[in-house]
Amino acid sequence: MSGEVRIGYVAYEYQGWHTDDQASGGPVGFDVDLARDLETQFPDAHFTWVDLGTLDNRLDALRGGWFLPSNSDEQERVKLVIANFSISQPRREVIDFAGPYFVDTQAFLSRAAAGNITEIPRGRVCALNGSRSAEKLTQIGWKPKLEDSLAACVSEFQAGEVDAVSDDRSLIAGYAQALGLKPPSRLNYGAEKYGIGIPNNMPKLCAELSRVIQDFLEYSWSDSFTANLNPIGLRQEDYTKPRSTDACEPAAPWYKD
């Protein structure tokens, strides 16, 4: 954690998580606060945000050999990914995670607040391509319409082309507020644990990051929630703050970190 540390994210303008602040000229949000806490703990590091273009690139950018949708040139690998990155077993097989630092649930943006997943029409739901929401709906037999950005799904919802948008509750709350709708209801469907993505077989890096995340959970989490997520209609009492980070995965037997 020294020199330039490239942090991958996807510039989808998630209110409360990572948006450009016109006043300061820099990014603000919950994920940004976590990154700033990390940067203060590693004085020899200079953090640089790198737009990955698509959700699928979150994995590829940590492994090397990734490409932007609008550019055929191979891009430089990133050191970290901080982008509402849900920890899942398939992902853990190819990269490592430090965390979690946040736990969310699946939800639906709909005109009538749904209290249960059965209240959502199965055939007219939009989800973000490469997201856990799309994956989970597919697993239960749904066929969501897939788009490359949440904003595109919301535009289709506004136009009446779909009846609902599926994603993590904290990600669609900002869109609901902008449309004059109440924050999506908690459906207790799916638990998404956000972690910092790091290259595979990096237990020492994971341990360093976990130490700072633990401090963030104890000393900064509530203040960051109040500053970033309260304004989009979310309440801390509806969320369970992680008590601690998960144990870091050991390196493969053939790998020395």
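As shown above, the structure is provided for reference.
Just so you know, these numbers come straight off a predicted model, no measurement behind them. Here, residues in each chain are numbered from 1, in the same order as that chain's written sequence. The predicted nature of this model means local features are confined to residues of pLDDT at least 70 and side-chain atom pairs, given and counted, to a pLDDT of 80 or more, with totals for whole chains, interfaces and linings taken over all residues. Excluding hydrogens and water, the side-chain figures rest on all heavy atoms present in the structure.

Draft legend 1. Region of interest: the packing of aromatic side chains. Each aromatic pair joins two rings of Phe, Tyr and Trp (for Trp, the six-membered one) with centres within 6.5 Å, and gets the label stacked for planes under 30 degrees apart, edge-to-face for over 60, and tilted for any other angle. All chains considered together, the criterion is met by 17 aromatic pairs. Measuring from ring centre to ring centre gives 6.1 Å for phenylalanine 30 and tryptophan 221, while their planes differ by 85°; the resulting arrangement is edge-to-face. Taken together, the positions of phenylalanine 30 in helix α1 (residues 30-41) and tryptophan 221 in helix α7 (residues 203-228) put the pair 191 residues apart, joining distant regions of the chain. Only protein chains enter the accessibility calculation, which uses a 1.4 Å probe. A residue is then buried if its area is under 20% of the maximum for its type, exposed if over 50%, and partly exposed in between. Phenylalanine 30 sits in the buried class, given a relative accessible area of 0%. Taken together, the aromatic side chains of Trp17, Phe30, Tyr101, Phe102, Tyr194, Phe216, Trp221, Phe225 and Tyr239 make up a single cluster linked through ring pairs. Here, over-ring charges are defined by two tests on the NZ atom of lysine or the CZ atom of arginine: distance to the ring centre within 6 Å, and angle to the ring normal within 35 degrees. The aromatic ring of phenylalanine 157 is capped on one face by arginine 111, whose charged end is 4.0 Å from the ring centroid. A run of DSSP states H or I qualifies as a helix once it reaches four residues; a run of E qualifies as a strand once it reaches two. Both are numbered from the N-terminal end.

Draft legend 2. Main features of the environment of asparagine 57. For asparagine 57, the location among the structural elements is in helix α2 (residues 57-63). In this structure the C-alpha to C-alpha distance between asparagine 57 and phenylalanine 67, which are 10 residues apart in sequence, comes to 7.7 Å. We call two residues contacting when some pair of their heavy atoms lies within 4.5 Å. Apart from residues no more than four positions distant in its own chain, asparagine 57 is found in contact with Leu52, Trp66 and Phe67. Separated by 2.8 Å, the side chain of asparagine 57 and the backbone oxygen of leucine 52 make a polar contact. We define a polar contact as two N or O atoms separated by no more than 3.5 Å, with the added condition that, inside protein, one atom must be a possible hydrogen donor and the other a possible acceptor, whereas residues neighbouring each other in sequence contribute only through side-chain atom pairs.

Draft legend 3. Seen up close, helix α4 (residues 132-139). Within α4 the residues assigned to the buried category are Arg132, Ser133, Ala134, Lys136 and Leu137. Where α4 is buried, its residues meet α3 (89-92), β6 (96-110), β7 (125-128), β8 (145-147), β9 (164-168) and β10 (191-198). Once α4 ends, the next one or two residues include glycine 141, with phi positive near 95°.

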